[in-house]
Amino acid sequence: MSITRDDIIDFIYAEARMLDEGRYTEWLDLWLEDGFYWMPLDYKQKDPHNMTSLLYEDDFMRRLRVERLNGERTFSQKPKSRCHHVIQRPFVDEFDAEAGVFKTNTSMHYIETRLDDQFLLALTATHELKLVDGKIRIANKRVDLLNSDAAFGNIQLLP
Amino acid sequence: MGKYETPEAVNALVQPHQVHKDTYIDAEIFDLEMKHLFSNTWVFVGHDSQTSKKGDYITTQIGTQPVIMVRHKDDDIKVLYNRCPHKGTKIAIDRAGNTGKFFRCPYHAWSFKTDGCLLAIPLKKGYAQTKFKESEANKGMQAVGEVKNYRGFVFARLADEGISFEDYFGDSLSSLDNMVDRSPEGRLEVAGPPLRYMHQCNWKMLVDNQTDTCHPMVAHESSAGTAVKIFEEANWPEDKPKPMAMEIIAPFMSPYEFFEEMGIRTWPNGHGHTGVHHSIHSDYSTIPGYTEAMEETYGEERAAEILGENRHNTVYFPNIMIKGPIQQLRNFIPMGPDKTLVESYIYRLVGAPDILTQRTAMYNRLINAPTSMVGHDDLEMYERAQEGLHSQASDWINIERLHEDGEDFEVEAVENGTTERQMRNQMNAWAKFMTLAMGAKEAAE
Ligand SMILES: [Fe+2]
């Protein structure tokens, strides 16, 4: 069975749904171990290392984040936040079935809420995907918030 | 005149062991802080590497006053009120830029030299028959009272006269010195834009938290404690380097004894720091090539002395903290009694390996970002406290831990690292600078 563009697009939709439904363990399994989840601080930031980002998280940090959300003494998540992604059909910018390498660009609206507060973020997610043992996996993911340089309150879940 | 605009009324809010909740929630107190405290103290403005070329500027605030910090000459940085003397228009609103040889107001094209002097007005003959020369507007963009560039860090006092920079900071400058000395060239450069994190709480809650050593193991158990747990469960191979994130985050779970023994030092005028003897930054791994570069510049002995100083948080009253060992500065910008913008800057040690900047950038995003697991729990506590203080159950906030009768804040002291002496020191300085000009005015009348 060969992979199609629709498979790639479905994957992006499924990932967003996992995050909204809080199926974080499944979500962690989508990742390749050496992948980074990057959310730049600066508009069109190029360097994740020598300046600050909002997130630049490896496997260890992603696991910590997920584990913390489930913790008994995670005070900022008592009560828990909820989130909601509304996504536009992803562009498949790179599709190399032979090499098993794909790249998508997806516009999203992200809503997060807790108690009486709710906020909206507009963002573009760029996924680098790889086909490994017949499964699509996240090699790297970059989330550019439209207003990444604005002053935010807590953003607690994963845009 | 409001109910708090006398030295007696302000002083009554600060007792040796407790402070009145109005210092954190009252709108009149906030206005008085802006008028008195943030005028009469030396307040951080920016780092000179943010305005490295002539005409470079940044916009920021001193208290709630909008100001522009601009490179006027190669060796001269000015701090001007961001207000056109004509109609009040803000001259610049981008966070940083270059204005060339002069500022030009976008409303009526009045132009000003980068020291604020009025340069030109279009159709000036319209003022020929007037007394414009004697007007406020003719003076141009107003400069703040005094500016000091201390080893790259620019501070300003809004008031025309008052305490000197040296008298205000005294020996507390040793923390800034240590941060800068950690560069083999004795120079820092800002590394990118700051994190900007909005807090719905009073600015003093953030300042208090910097020397609150009894909260990390409680409030941050969910992040630091979980990190330690995950790391232990991972059976990390001995030969594989520990994740850098662990080095940063795990020390937050240190036991009370660790924080007791680290010590707190206070200096006059509200300054102080945690980590006199050791700190959560003490056990960072050495970076290849760095010690060598330091020894090259300073010699073995002096280099060891600089790198052996691992102060944790240094509070420069009123509203910044720095972390010398990781070259970080956090600016707690007051926006209202219950609103504070926190800007967290990092700096590059000029002449040191990049990996140090990378560790600092990681620290900043792990601990101080709006997306930070550690920051989330801190903000949660501040905002709960800000709301809780409105309760009529009590008017007082307790700051009594390890309090002793007759504490003298005019002398430097080193104490047990869990004391709340630094919070008392801050409030002592708070009352002093709040009432300084109130007192003077009364005496003159
Ligand atoms: Fe904290």
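Once a new chain begins, its residue numbering starts again from 1 and follows that chain's sequence as written. To label them, take the chains in the order written and letter them from A, then take the ligands in the order written and number them from 1. The model is predicted, so local features are restricted to residues of pLDDT at least 70 and side-chain atom pairs to those at 80 or more, both for listing and for counting; the totals for chains, interfaces and linings are taken over all residues. Excluded from the side-chain calculation are hydrogens and water; included are all heavy atoms of the structure.

Engineer: Where do I start with the overall build of chain B in this structure?
Structural biologist: The helix and strand labels rest on DSSP assignments: H or I over at least four residues marks a helix, E over at least two residues marks a strand, and numbering proceeds from the N terminus. Each helix and strand in chain B was counted, giving 15 helices and 21 strands. Radius of gyration here is computed from C-alpha atoms only, and the compact-globule reference equals 2.2 Å multiplied by the residue count raised to the power 0.38. Radius of gyration (C-alpha) of chain B: 23 Å, near the 22 Å computed for a compact globule of 445 residues. Over its C-alpha atoms, taken along the principal directions, chain B stretches across nearly 85 × 55 × 40 Å. Just so you have it, chain B exposes about 18,500 Å², and 48% of that area is on carbon and sulfur atoms. This count recognises Lys and Arg as positive and Asp and Glu as negative, with His and chain-terminal groups excluded. Each charge is placed at NZ for Lys, CZ for Arg, CG for Asp and CD for Glu. Of the charged side chains in chain B, 45 are positive and 65 negative, and the gap between their average positions amounts to 12 Å. Accessible areas in this description were obtained via Shrake-Rupley with a 1.4 Å probe; residue shielding takes into account the shown protein chains only.

Engineer: So what exactly am I meant to see when it comes to the overall build of chain A here?
Structural biologist: Tallying secondary structure elements over chain A gives 3 helices and 7 strands in all. Reading chain A from its N end, one meets helices and strands in the order α-α-β-β-α-β-β-β-β-β. Relative to the compact-globule value of 15 Å for 159 residues, chain A shows a C-alpha radius of gyration of 16 Å, a close match. With respect to the three principal axes, the spread of C-alpha positions in chain A is 45 × 30 × 30 Å. Across the 159 residues of chain A, 48% fall into the buried class. In what follows, residue pairs with any heavy atoms lying within 4.5 Å of each other are defined as contacts. Taking contacts inside chain A between residues at least 6 apart in sequence as the whole, the part at least 24 apart equals 56%. For chain A, the computed accessible surface area is about 8,000 Å², with 48% contributed by carbon and sulfur atoms. Mean positive and mean negative side-chain charge positions of chain A (21 and 28 charges, respectively) differ by 4 Å. In this scheme, a residue with accessible area under 20% of its type's maximum is buried, one over 50% is exposed, and one in between is partly exposed, where area comes from a 1.4 Å probe on protein chains only.

Engineer: I tried to follow the coordination of the iron ion on my own but got confused; where do I start?
Structural biologist: Coordination angles at a metal have ideal targets, namely 109.5 degrees for four tetrahedral donors and 90 or 180 degrees for six octahedral donors. Residue and element names in this part refer to chain B. In this description, a donor is an N, O or S atom within 2.8 Å of the metal centre, a cutoff extended to 3.2 Å for sodium, potassium and calcium. Water is not part of the atom list, which can make sites seem incomplete. All of the protein donors around the iron ion are His215 (NE2), His220 (NE2), Asp378 (OD) and Asp378 (OD); their distances to the metal are 2.0 to 2.6 Å. One can describe the site at the iron ion as irregular: its 4 donor atoms subtend angles covering 55 to 151° at the metal. The sequence pattern formed by the donor residues of the iron ion is H-x4-H-x157-D. Only two sets of limits are used to name each site, 85 to 135 degrees for every angle of a tetrahedral four-donor site, and over 155 degrees for opposite donors with all other angles from 65 to 115 for a square planar four-donor or octahedral six-donor site, with any other site named irregular.

Engineer: Would you take a moment to explain the environment of Val43(B) for this structure?
Structural biologist: All names here are of chain B. Following the sequence through the fold, Val43 ends up in strand β2 (residues 43–47). Spatially, the C-alpha atoms of Val43 and Asn319 are 7.3 Å apart, while their sequence positions differ by 276 residues. If we skip the residues at most four places from it in the chain, Val43 touches Phe38, Ile62, Val154, Phe155, Ala156, Pro318 and Asn319.

Engineer: Honestly, the interface of chain B and chain A in this entry has me stumped. Any pointers?
Structural biologist: One widely used convention gives an interface's size as the accessible area the parts lose upon coming together. The interface is formed by 43 residues belonging to chain B together with 34 residues belonging to chain A. A simple way to read buried area is as the amount of 1.4 Å-probe accessible surface that goes missing from two parts once joined, with both sides added. For the pair chain B and chain A, the summed buried area comes to about 3,200 Å², and 59% of that belongs to carbon and sulfur atoms. Taken as a group, Arg365(B), Thr371(B) and Met373(B) account for 21% of the area that chain B buries against chain A, more than any other trio of residues on that side. Salt bridge, as used here, is a side-chain nitrogen of Lys or Arg placed within 4 Å of a carboxyl oxygen of Asp or Glu. Summed over the shared surface of chain B and chain A, the result is 5 salt bridges.

Engineer: I would appreciate a short explanation of a negative patch on the surface in the present structure.
Structural biologist: Residue and element names in this part refer to chain A. A patch consists of residues exposed above 30% relative accessible area that lack any salt bridge, with like charges linked at up to 9 Å and nonpolar side chains (Val, Leu, Ile, Met, Phe, Trp, Tyr) linked at up to 5 Å. The grouping of Asp93, Glu94, Asp96, Glu98 and Glu128 at the surface amounts to a negative patch. For the negative patch, the element with the most residues is strand β4 (residues 91–96), which contributes 3 residues. Turning to its location among the elements, Glu94 is positioned in strand β4.

Engineer: I keep staring at the sheet that holds strand β9 (residues 118–120) of chain B and nothing clicks. Help me out?
Structural biologist: Backbone-to-backbone hydrogen bonds pair the strands of a sheet. The strands run either parallel or antiparallel. Residues and elements named next belong to chain B. Taken in spatial order, the 3 strands make up an open sheet running β7-β8-β9, and their pairing is antiparallel. With one partner strand each, in any of the chains shown, β7 (102–104) and β9 form the two edges of the open sheet. Neighbour-to-neighbour, the strand axes of this sheet turn through a mean angle of 35°, independent of strand direction. Two elements, strand β8 (residues 111–113) and β9, share 2 bridges in a ladder whose sense is antiparallel. From the neighbouring strand, Phe112 faces β9, where its bridge partner is Leu118. Each pair of strands is called paired provided DSSP finds at least two bridges between the two strands. A fitted line through C-alpha atoms serves as each axis, taken over the contacting stretch for helices, and the angle formed by two N-to-C directions is quoted from 0 to 180°.

Engineer: When you look at empty space enclosed by the protein in this model, what are you seeing that I'm missing?
Structural biologist: Over the atoms, a rolled probe matching the size of one water molecule traces out where space is still vacant. All names here are of chain B. Only protein atoms enter the 1 Å grid used here. Points where a 1.4 Å probe fits but cannot escape make up a cavity, open sets with protein on both sides within 12 Å along at least five of seven lines make up a pocket, and a residue lines them when an atom lies within 4 Å of a point. Grid points are joined across faces, edges and corners, and a volume is the space filled by probe spheres set on the points. Applying the stated criterion across every chain yields a total of 1 cavity of 30 Å³ or more. Looking at the largest cavity, its volume works out to about 260 Å³. Asn209, Gln210, Phe252, Ile367 and Asp378 are the residues nearest the centre of the largest cavity, which is lined by 27 residues in total. At the level of elements, β13 (195–199), α6 (203–209), β17 (320–323), β18 (328–336), α13 (354–368) and α14 (373–388) are the ones that each hand at least two residues to the lining of the largest cavity. Element by element, the count of residues in the lining of the largest cavity is highest for α14, at 4 residues.

Engineer: Where do I start with the domain arrangement of chain B in this structure?
Structural biologist: All names here are of chain B. Structurally, chain B comprises domain 1 (44–150) and domain 2 (174–432). Domain segmentation is taken from an automatic or database assignment of domains. Look at where the C-alpha atoms of domain 1 and domain 2 centre, and you get two points 34 Å apart. Facing 10 residues of domain 1, the contacting portion of domain 2 comprises 14 residues. In total, domain 1 and domain 2 occlude about 1,100 Å² of area from one another, counting both sides; carbon and sulfur atoms represent 57% of this. Contact with domain 2 buries area across many residues of domain 1, yet Phe44, His47 and Tyr150 alone supply 46% of it, more than any other trio.

Engineer: Where do I start with the sheet that holds β2(B) in this structure?
Structural biologist: All names here are of chain B. Ordered by their spatial adjacency, 3 strands build an open sheet running β2-β11-β10, and the pairing between neighbours is antiparallel. Each edge of the open sheet is held by one strand with a lone partner, namely β2 and β10 (146–150). With direction set aside, neighbouring strand axes in the sheet form an average angle of 25°. In this structure, β2 lies alongside strand β11 (residues 153–157), joined through 4 bridges in antiparallel fashion. Among the inter-strand pairings, Val43 is bridged to a residue of β11, identified as Ala156.

Engineer: Which parts of the structure should I look at to understand the packing of helix α3 (residues 59–69) of chain A against α14(B)?
Structural biologist: Two quantities define a packed helix pair, namely the angle between the axes and the distance from one axis to the other. In contact at an axis separation of 11 Å, α3(A) and α14(B) are set at 30° when each is read in the N-to-C sense. Judged by the angle between their axes, α3(A) and α14(B) are roughly parallel. For the pair α3(A) and α14(B), the contacting residues are Met61(A), Leu64(A), Arg65(A) and Arg68(A) in the first and Met373(B), His376(B) and Asp377(B) in the second. In this classification, the charged set is Asp, Glu, Lys and Arg, the nonpolar set is Ala, Val, Leu, Ile, Met, Phe, Trp, Tyr, Cys and Pro, and all remaining amino acids, among them Gly, are polar. Its residues assigned to classes, the contact of α3(A) with α14(B) shows 3 nonpolar, 1 polar and 3 charged. The labels follow the angle: roughly parallel below 35 degrees, roughly antiparallel above 145, roughly perpendicular from 65 to 115, and oblique for the rest.

Engineer: Quick question: what am I supposed to make of the packing of aromatic side chains here?
Structural biologist: How two aromatic rings sit relative to each other is given by the distance of their centres and the angle of their planes. For Phe, Tyr and Trp, where Trp contributes only its six-membered ring, two rings pair if their centres lie within 6.5 Å, and the inter-plane angle classes them as stacked under 30 degrees, edge-to-face over 60, or tilted in between. One pass over the full model with this rule turns up 26 aromatic pairs over all chains. The criterion for a charge sitting over a ring is simple: Lys NZ or Arg CZ within 6 Å of the ring centre, and within 35 degrees of the ring normal. Over the face of the ring belonging to Trp38(A) we find Arg142(A), whose NZ or CZ atom lies 4.4 Å from the ring centre. The positively charged end of Lys240(B) is found above the aromatic ring belonging to Trp236(B), 4.4 Å away from the centroid.

Engineer: Which parts of the structure should I look at to understand the environment of Glu257(B)?
Structural biologist: All names here are of chain B. Within the secondary structure, Glu257 sits in helix α10 (residues 256–262). Glu257 sits in the partly exposed class, given a relative accessible area of 44%. Considered as a pair, Glu257 and Thr418 are 161 residues apart in the sequence and their alpha carbons are 9.0 Å apart.

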